[in-house]
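# Survey of secondary and tertiary structure
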Amino acid sequence: SSGINAEYGASALEQWVCGKPEIDLALLQKIVRYRDMDRTHYLVEWFWRIMNRFTNDDRVAVMRFVSGRSRLPTDIADVSQRFQIMKTDKSKDGLPTAQTCFFQLRLPDYTSESVMEEKLRYAIHNCRSIDMDNYMLARNVENGQMIDDGII
């Protein structure tokens, strides 16, 4: 067989196009940017300890939660956007939120690392919709709440 697939192999071609199936925490830590805190902040330290304990499936779920993607690029040069972690003023011990278009994880304050892990685990496995705008638009149409028509 000839061509790219024969030269590199299916697995290598898949990694080149899609990224590695394993989430490389070292790469993720190289591309992170912290907002309103630094790498010594307790939330940041807890986050990375939690990520180190997570299985790869959990890490993939974190990636989907914060970026809508399940893989990181193979090469750091192919990273188009830096991962952001920021603290929010939401209620203490609440669920984390994410903005996939900004590759951003928003963490409220937590009383302990175990509470943070529990809330993060819940969010990554139960909050899977990355485009709630279409959901809300459809819901508003069903309820007769079209803003364009003057109905609120």
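First, a word on what this report is: a plain description of the structure on this page. Note that the structure is predicted; figures quoted are calculated from it, not measured.

This part takes up the environment of glycine 68. Residue placement: glycine 68 occurs in the loop between α5 (56–67) and β2 (83–87). It is 5.8 Å that separates the C-alpha atoms of glycine 68 and threonine 100, two residues lying 32 residues apart in sequence.

With that out of the way, let us pick up the pairing of strand β4 (residues 104–107). With 4 bridges joining them, β2 and β4 adopt parallel strand pairing. Pairing of isoleucine 85 across the sheet is with leucine 105, part of β4. Where strand β3 (residues 97–99) lies against β4, 3 bridges are found, and the strand directions are antiparallel. Bridged to threonine 97 within β4 is arginine 106. With antiparallel pairing between neighbouring strands as the criterion, β3 and β4 make up a hairpin whose turn holds 4 residues, including phenylalanine 103 at a positive phi of roughly 55 degrees.

A separate point is α5. Between the first and last C-alpha of α5 there are 16 Å, a value that for 12 residues agrees with the 16 Å anticipated at 1.5 Å per step. Counting buried residues along α5, 9 of its 12 residues qualify, which places the element largely inside the surrounding structure. Those residues of α5 not exposed but buried are Asp58, Arg59, Val60, Ala61, Val62, Met63, Phe65, Val66 and Ser67. Two residues or fewer after α5 comes glycine 68, characterised by a positive phi angle close to 80 degrees.

Here we take up the packing of helix α4 (residues 42–53) against helix α6 (residues 113–126). Two numbers describe how α4 lies on α6: the axes approach to 10 Å, and their chain directions differ by 60 degrees. It follows that α4 is oblique to α6 by the angle criterion. Viewed along their axes, α4 and α6 form a crossing whose handedness is right-handed. Seen from α4, the contacting residues are Leu43, Trp46, Phe47, Arg49, Ile50 and Arg53; seen from α6, they are Glu113, Met116, Glu117 and Leu120. Here the residues of the contact of α4 with α6 are counted per class, giving 6 nonpolar, no polar and 4 charged.

Backbone geometry places aspartate 36, a non-glycine residue, at a positive phi of 65 degrees. Note on placement: aspartate 36 falls in the loop between β1 (32–35) and α4. For aspartate 36, a relative accessible area of 66% puts it in the exposed group. Backbone geometry places aspartate 93, a non-glycine residue, at a positive phi of 65 degrees. As for its position among the elements, aspartate 93 is in the loop between β2 and β3.

Cut-off values and rules
Sequence order sets the numbering: in each chain, residues are counted from 1 along the sequence as written. Thresholds applied to this predicted model are a pLDDT of at least 70 for local features of residues and 80 or more for the giving and counting of side-chain atom pairs; totals over whole chains, interfaces and linings are not thresholded and use all residues. Working from all heavy atoms in the structure, the side-chain values ignore hydrogens and water. The way it works is that DSSP assigns letters per residue, a run of H or I at least four long becomes a helix, a run of E at least two long becomes a strand, and they are numbered from the N terminus. Note on pairing: DSSP must find at least two bridges between two strands before they are called paired. Under the convention used throughout, the expected extent of a helix is 1.5 Å for every residue step, that is, one less than its residue count. Type-normalised accessible area, obtained with a 1.4 Å probe on protein chains alone, sets the label of each residue: buried when under 20%, exposed when over 50%, and partly exposed for intermediate values. Helix axes are fitted only over the stretch in contact, all axes being lines through C-alpha atoms; the angle between N-to-C directions runs from 0 to 180 degrees. Any angle between 65 and 115 degrees counts as roughly perpendicular, while under 35 counts as roughly parallel, over 145 as roughly antiparallel, and the rest as oblique. A clockwise turn of the near helix away from the far one marks a right-handed crossing, whereas an anticlockwise turn of less than a right angle marks a left-handed crossing. Contacts were defined at the residue level, with two residues in contact if any of their heavy atoms lie within 4.5 Å. Residue type decides the class: Asp, Glu, Lys and Arg count as charged, Ala, Val, Leu, Ile, Met, Phe, Trp, Tyr, Cys and Pro as nonpolar, and the leftover types, Gly among them, as polar.

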